[in-house]
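# Close look at the chain arrangement
These are the residues of each chain, in order.
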Amino acid sequence: MAVLVDNDTRLAVAGITGREGSFHALNNRRYGTNLVGGVTPGKGGQDVEGVPVFDSWADAMQATQPNTAMIFVPPRFAADSILEAAAAGVSLIIAITEGIPAHDELRVYNTLKRDHPGTRLVGPNCPGILSPGKASVGIIPASFFTPGNVGVVSRSGTLTYQIGNEIAQAGFGCSSIVGIGGDPVPGSSFVDILELFQADEETELIVLSGEIGGSAEEEAAEYIAESVTKPVVAYIAGFTAPPGKQMGHAGAIVSGSAGTAAAKARALEAKGVRVGRTPTEVAEIAVQMLGASSSSPVR
Amino acid sequence: MDLLEYQGKQLFARHGLDVSAGKAVTSVEEAVVAAEQVGYPVVVKAQVLIGGRGKAGGVKLAANPEETREHAGKILGLDIRGHIVHKLWIEHASDIATEYYASVLLDRSAKQPLVIFSTEGGVEIEQIAEESPEKLVRHHVDSLKGLSRQEALQIAIDGGADDDVREGVADALVALYEVWDKEDATLAEINPLIVTPERQVKALDAKVSLDGNALFRHPENQDLSDTENEDPIERKAKEQGVQYVKLDGNIGILGNGAGLVMSTLDVVAQAGGQPANFLDAGGGSDAEKVKQAVELILANDAVKAVLFNIFGGITRCDEVAKGLIAAFGEIKPAVPFVVRLDGTNDVQGRTLLEEAKLPNVHSASTMNEAAEKVVELAKQTEGAGA
């Protein structure tokens, strides 16, 4: 098992005819992901190295039955592509696109909730999801990860690679690595992914990597205390970041502690979650806890 | 993207919010002419992106041209907590009976817009929010439907607005929501929202933040914000599409991905150093972009040592190495560099650097080692008086 992407994944990619879109879609296929199609309006009937391209998500669905969509289109078209994929019946949508307007993200989040409650959106502005040895959807450099029992959920891409690589070097692998993205309105939160890792038999320990801003880490702390029995190790980036050029008082009124790294680390530690001060320390704690819980490291 | 008061008020007026007549000026002479046009008495207001302007002497009432001349002369060029006043807003003075507070913002936690209203307006709103939160009405709006007139009226009533201005407050809230919605704002705040003795409801101040990612929908808003007070290096970075924030320390930092760069700042600080900047070279940086980034970092004279911390995903380490070698060829930096390359094509990148034998470039194999090394080198350079 793993979470979200695995051997049953049937992937279609919006923006597959673009330079980045085709590069990463084909990379995902080389890794073993079942890439069934692509969507680019106006380019239906073409193919990208044998992958059929369709004009719309409805056409792609009819011909190839994808269960997973990857969104790689420019920011101004991304919201509509996500909603179109959901309307066509795709159950998992992974949006890599960076720079989508916040109001579009808000519209997507609330429309999915109202009209397509069964559809899960991960991202936008995320590196995607990798289940080592099974499937990769997105831009995570898969060669640094091996299959194993650590579940990783992170707001940042490169930081995930840093932590995952240190765990791999210590001889441990990952069940899945899920990048939820750092945008103001992400489709999936830490809580959503923690729930999946808690239910996943393969996952024995969860690494949560957060950063300053918002209150997703505080909400994760509450959820861990109530519903997660597996060990969780956390990392928060941004202790030395200067306070953002905050304008007016409204932001401070809402976030209270203003989403600082110190406040987030305190919230997690108050619920018994161990917080590493550097990516290296996170990996060390994770390895130490895994060593204590299982007799032999899983590679 | 944060707007100056007068820019926010222009957006307010565009959506039907009542604001006083005024003019933005950049000289004493213009201020005197503008004051005649808007009519005395006027308020001379410093246009800077920082609160507490009044307390710093940046807001003054003028009853005649002599007073306008005196105040404008004193306020122009004033340093308000690091923000130099380059612009004034000359506004017809309003009589104030009552001060309210109103704002609309994106509530990231609820994933909906939030309207906040209070009859306790004025400068101390943050304190009121903390000490007596019951004096603030918070109302989440269904973003797919928008704020209805009926909802707005209920907010005015729940917040305890005076009976005779409830309708006026509701109109103002609907207009403020429209500003937030139609202009792709992340924050639209009025403090104070005043009631005049004639029982008119008016925005006396404006704080608006626009979403930079949505500017393609608003070409007319492209040139707003306080460009004169931008740090010159930050402005150049923005033009080049690089995320750069200037900090107070002496260790230049380059990394890829915001999370990893933030983490790098933390690890350097834990090693006893002080970062001079945040610089996210972004995904897929090529040699040219890396060279530009080195130039940005070294444009800050305080930098005594530089740390490159790269974990390549989309970014290829050999491209980063090529960029660094090209930069050394042209700039010949006087300060030491510590380079840590991991990830995609890391072996090629490290080999390129080794073969180039760049003067004063040290390699490190882990992030922690790199941080310790750069802190040590910065201390040596600082000590040598470089």
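## Examining the overall build of chain B
A tally of helices and strands in chain B yields 12 helices and 18 strands. Taking the principal axes of its C-alpha atoms as reference, chain B extends roughly 80 × 50 × 40 Å. Residue burial in chain B is summarised as follows: out of 386 residues, 54% are buried. Intrachain contacts of chain B at a sequence separation of at least 6 include 69% that bridge at least 24 residues. If you sum the accessible surface of chain B, you get close to 16,000 Å²; carbon and sulfur atoms cover 48% of it. Across chain B, the centroid of the 38 positively charged side chains sits 3 Å from that of the 62 negatively charged ones.

## So, the interface of chain A and chain B
Taken together, the contact between chain A and chain B spans 54 residues of the former and 60 residues of the latter. Contact between chain A and chain B buries roughly 4,500 Å² in total, counting both sides, with carbon and sulfur atoms accounting for 62%. Applying the counting criterion to the chain A and chain B interface returns 1 salt bridge. For D104 of chain A, the salt bridge identified is with R217 of chain B, shortest N-O distance 2.9 Å. Scanning the region where chain A abuts chain B turns up 16 residue pairs in polar contact (both at pLDDT 80 or more). Looking at the side of chain A that touches chain B, the elements that each hand over two or more residues are α1 (19–31), α4 (102–115), α5 (157–169), β13 (232–237), α8 (250–255) and α10 (279–293) of chain A. For the side of chain A that touches chain B, the element with the most residues is α4 of chain A, which contributes 9 residues. Split by residue class, the side of chain A that touches chain B holds 25 nonpolar, 18 polar and 11 charged.

## Considering the pairing of strand β1 (residues 10–14) of chain A
Residues and elements named next belong to chain A. Most of β1 is tucked away: 4 of the 5 residues are buried. Bridge count for β1 against strand β2 (residues 34–39) is 5 bridges, and the pairing is parallel. Bridge pairing in β2 places A14 opposite V39. Regarding topology, α1 serves as the crossover connection from β1 to the parallel β2, and that connection is right-handed. Judged from the 4 bridges that link them, β1 and strand β5 (residues 68–71) form a sheet pairing that is parallel. Its bridge partner lying in β5, A12 is registered against A69.

## Some thoughts on the packing of aromatic side chains
Enumeration over the complete set of coordinates arrives at 7 aromatic pairs over all chains. Relative to F311 of chain B, the ring of F144 of chain A lies with its centre 5.2 Å away and its plane at 70 degrees, an arrangement referred to as edge-to-face. Highlighted residues: F144 of chain A in the loop between β9 (135–138) and β10 (147–154) and F311 of chain B in strand β16 (residues 305–312), drawn from two different chains. Per residue, the accessibility class of F144 of chain A equals that of F311 of chain B, and both read buried. Centre to centre, the rings of F308 of chain B and F337 of chain B are 6.0 Å apart; their planes meet at 50 degrees, and the pair counts as tilted. Taken together, the residues span a long stretch of sequence, with F308 of chain B in strand β16 and F337 of chain B in strand β17 (residues 337–343) at a distance of 29 residues. The exposure classification of F308 of chain B matches that of F337 of chain B, with both residues buried. Three or more aromatic residues link up through ring pairs in this structure, and these residues are F144 and Y161 of chain A together with F311 of chain B.

## Some points on empty space enclosed by the protein
It is a probe the size of a water molecule, rolled over the atoms, that shows where empty space is left. Considering all chains together, one arrives at 2 cavities of 30 Å³ or more under this definition. Taken together, 18 residues form the lining of the largest cavity, with P184, P186, S215 and A216 of chain A together with R108 of chain B sitting closest to its centre. Looking at side-chain class alone, the lining of the largest cavity contains 5 nonpolar, 8 polar and 5 charged residues. Size it by volume and the second largest cavity reaches roughly 40 Å³.

## Re unusual backbone geometry
With an omega dihedral of 5 degrees, the bond running from G123 of chain A to P124 of chain A counts as a cis peptide bond. Mapped onto the elements of the fold, P124 of chain A is located in the loop between β7 (120–122) and β8 (128–131). For the bond running from Y40 of chain B to P41 of chain B, omega is -5 degrees, close enough to zero to count as cis. Its location among the elements puts P41 of chain B in the loop between α2 (28–38) and β2 (42–46). Despite not being glycine, N345 of chain B has its phi angle at roughly 60 degrees, a positive value. Among the structural elements, N345 of chain B can be located in the loop between β17 and α11 (346–356). Of the residues examined, N345 of chain B reaches a relative accessible area of 24% and is grouped as partly exposed.

## A short note on the side chain of S20 of chain B
Residue placement: S20 of chain B occurs in the loop between α1 (5–14) and β1 (22–25). Beyond its immediate chain neighbours, meaning those up to four positions away, S20 of chain B contacts W89, E91, H92, S94 and K202 of chain B.

## Remarks on helix α9 (residues 261–270) of chain A
Residues and elements named next belong to chain A. If you check which residues of α9 are buried, you get A261, A263, K264, A265, A267 and L268. On its buried face, α9 is in contact with β12 (205–211), α7 (216–227), β13 and β14 (274–276). Backbone geometry just after α9 places G272 at a positive phi near 85 degrees.

## A short note on the pairing of strand β10 (residues 185–195) of chain B
Residues and elements named next belong to chain B. With respect to burial, β10 is a largely interior element, 10 of its 11 residues being buried. The sheet contact formed by strand β7 (residues 98–107) and β10 spans 7 bridges and is antiparallel. Pairing of S103 across the sheet is with E189, part of β10. Here β10 pairs with strand β11 (residues 201–203) via 3 bridges, running antiparallel.

## Focus: the pattern of salt bridges
All names here are of chain B. Taken as a whole, this structure holds 35 salt bridges over all chains when the rule is applied. Across the pair R149 and D171 runs a salt bridge whose closest N-O atoms are separated by 2.8 Å. Of this pair, R149 sits in helix α5 (residues 149–158) while D171 sits in helix α6 (residues 166–182); the two residues are 22 residues apart in sequence, bridging distant segments of the chain. For R149, a relative accessible area of 33% corresponds to the partly exposed category. Assessed through its relative accessible area of 41%, D171 is described here as partly exposed. The partner of E330 in a salt bridge is K291, with the nearest N and O atoms 3.2 Å apart. Taken together, the positions of E330 in helix α10 (residues 317–331) and K291 in helix α9 (residues 287–298) put the pair 39 residues apart, joining distant regions of the chain.

## Looking at the nonpolar core
Among the nonpolar cores identified, the biggest contains 91 residues, and I94, V207 and L208 of chain A are the most heavily contacted of them. Per element, the largest residue contribution to this core is 7 residues, and it comes from helix α12 (residues 367–383) of chain B. Those residues in contact with I94 of chain A, other than ones at most four positions away along the chain, are V5, T68, A69, M70, I71, V122, C126, G128, I129 and V137 of chain A. L147, A156, V169 and A172 of chain B belong to the second largest nonpolar core, which has 42 residues in total.

Calculation notes
Residues numbered from 1 in each chain as written. Chains lettered and ligands numbered in written order. Predicted model: local features only at pLDDT ≥ 70, side-chain atom pairs only at ≥ 80, totals over all residues. Heavy atoms only, no water. Helix = DSSP H or I, 4+ residues; strand = E, 2+ residues; numbered from the N terminus. Buried < 20%, exposed > 50% of the residue type's maximum accessible area, 1.4 Å probe, protein only. Contact = heavy atoms within 4.5 Å. Areas by Shrake-Rupley, 256 points an atom, 1.4 Å probe, with all protein chains shown as cover. Lys, Arg positive; Asp, Glu negative; His and termini not counted. Charge placed at Lys NZ, Arg CZ, Asp CG, Glu CD. Buried area = accessible area lost by both parts, 1.4 Å probe. Salt bridge = Lys/Arg side-chain N within 4 Å of Asp/Glu carboxyl O. Polar contact = N/O pair within 3.5 Å; in protein donor to acceptor, adjacent residues only side chain to side chain. Nonpolar A, V, L, I, M, F, W, Y, C, P; charged D, E, K, R; others polar. Pairing = 2+ DSSP bridges. Right-handed = clockwise from strand over helix to strand, strands pointing away. Phe/Tyr/Trp six-rings, centres within 6.5 Å; stacked < 30°, edge-to-face > 60°. 1 Å grid on protein atoms, 1.4 Å probe; cavity = no way out; pocket = protein on both sides within 12 Å on 5 of 7 lines; lining within 4 Å. Points joined across faces, edges and corners; volume = space filled by probe spheres on them. Core = buried A, V, L, I, M, F, W, Y, C linked by side-chain atoms within 4.5 Å.

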